[in-house]
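Commentary on secondary and tertiary structure
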Amino acid sequence: MNMTIDIVDETNTINQKQQELVEQLLESAAKSEGLVGEIELSLTFVTDEEIQEINREYRDKDQPTDVISFALNEQGENEQEIIAEGLPNVLGDIIISVPRIGAQAEEYGHSFERELGFLVVHGFLHLLGFDHMTDADEKEMFAKQENILNEYGLTR
């Protein structure tokens, strides 16, 4: 597996070590989920104001949130899956609010890096089609998140 991650930090606050952590964690998560071949995704760090605008525009929720994912492999009704040999599997986009990382790390009593990792993995699993709309789905998704974070060594 070869993963290309396009990281954009619009806040200029995520340092090189944190970006490396994100890249390594995403590669570990992809292996844990059995992904193979060429994989691509983008990860953008934004302010609360920017994520609120995105949340309002795409989810009709006029408030900041911590992470939003836009999966490119999701198929709507009557849409056909497009598979082309030799082309990368472009998973989609993850957008994370940097102020939410800090606030939630403080609220939950763990490090900025642990919360960063949690939100990255959460967004990544959404790109793979996981969600938390029902109790059963939430239990499955959150168990996967914890397993990936623990395997990587990013514990509370």
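Treat the numbers as computed from the prediction; the structure is a model and nothing was measured. (Residues numbered from 1 in each chain as written. Predicted model: local features only at pLDDT ≥ 70, side-chain atom pairs only at ≥ 80, totals over all residues. Heavy atoms only, no water.)

Attention shifts here to the overall build of the chain. Each helix and strand counted, the chain has 5 helices and 4 strands in total. Here the C-alpha atoms of the chain give a radius of gyration of 15 Å, agreeing with the 15 Å that 2.2 N^0.38 yields for 156 residues. Taken along the three principal axes of its C-alpha coordinates, the chain extends 45 × 35 × 35 Å. In the chain, which comprises 156 residues, the proportion classed as buried is 40%. Split by element, the accessible area of the chain, about 9,100 Å² in all, is 43% carbon and sulfur. (Helix = DSSP H or I, 4+ residues; strand = E, 2+ residues; numbered from the N terminus. Rg over C-alpha atoms; globule rule 2.2 N^0.38 Å. Buried < 20%, exposed > 50% of the residue type's maximum accessible area, 1.4 Å probe, protein only. Areas by Shrake-Rupley, 256 points an atom, 1.4 Å probe, with all protein chains shown as cover.)

With that settled, the discussion passes to the sheet that holds strand β3 (residues 67-71). Strands in a sheet are paired, the pairing made by backbone hydrogen bonds, and the direction either parallel or antiparallel. If you walk across this open sheet you meet the 4 strands as β1-β2-β4-β3, and the pairing is mixed. Strand pairing shows two members of the sheet lacking a second neighbour, β1 (2-9) and β3, which therefore form its edges. Averaged over all pairs of adjacent strands, the angle between strand axes in this sheet comes to 15 degrees, irrespective of strand direction. Examined bridge by bridge, β1 and strand β2 (residues 38-46) share 8 bridges and lie parallel to one another. The residue of β2 that forms the bridge with I5 is L41. On top of the sheet, helix α1 (residues 16-32) reaches β1 and β2; it is set at about 145 degrees to β1, its chief contact. Contacts between helix α3 (residues 98-108) and the sheet are confined to β2 and β4 (89-97), with β4 contributing the most and set at about 65 degrees to the helix. (Pairing = 2+ DSSP bridges. Axes fitted to C-alpha atoms, helices over the stretch in contact; angles between N-to-C directions. Contact = heavy atoms within 4.5 Å.)

Feature annotation in UniProt assigns "binding site: Zn(2+)" (unreviewed entry) to the following positions: H122, H126 and H132. Mapping H122 onto the fold places it in helix α4 (residues 112-127). You can call H122 buried: its relative accessible area is 8%. Apart from residues lying up to four places away in sequence, H122 is in contact with V67, H132, M141, F142 and Q145. For H132, the location among the structural elements is in the loop between α4 and α5 (135-152). Judged by its relative accessible area of 31%, H132 is partly exposed. Those residues in contact with H132 that sit more than four places away from it in its chain are H122, H126, D137, E138, M141 and F142. Polar contacts involving the side chain of H132 include one to the side chain of H122, which spans 3.2 Å. (UniProt positions renumbered as here; feature names shortened; annotations may be inferred. Polar contact = N/O pair within 3.5 Å; in protein donor to acceptor, adjacent residues only side chain to side chain.)

This brings us to the pattern of salt bridges. According to the stated counting rule, one finds 4 salt bridges in the structure shown. Note that D48 and R100 form a salt bridge whose closest N and O atoms lie 3.3 Å from each other. Of this pair, D48 sits in helix α2 (residues 48-59) while R100 sits in helix α3; the two residues are 52 residues apart in sequence, bridging distant segments of the chain. We classify R100 as partly exposed; its relative accessible area is 25%. A salt bridge links R114 to E146, with the nearest nitrogen and oxygen atoms 3.1 Å apart. One end of the pair, R114, is in helix α4; the other, E146, is in helix α5, with 32 residues separating them in the sequence. Judged by relative accessible area, R114 falls into the buried class, the value being 1%. Here E146 falls in the partly exposed class, since its relative accessible area comes to 23%. (Salt bridge = Lys/Arg side-chain N within 4 Å of Asp/Glu carboxyl O.)

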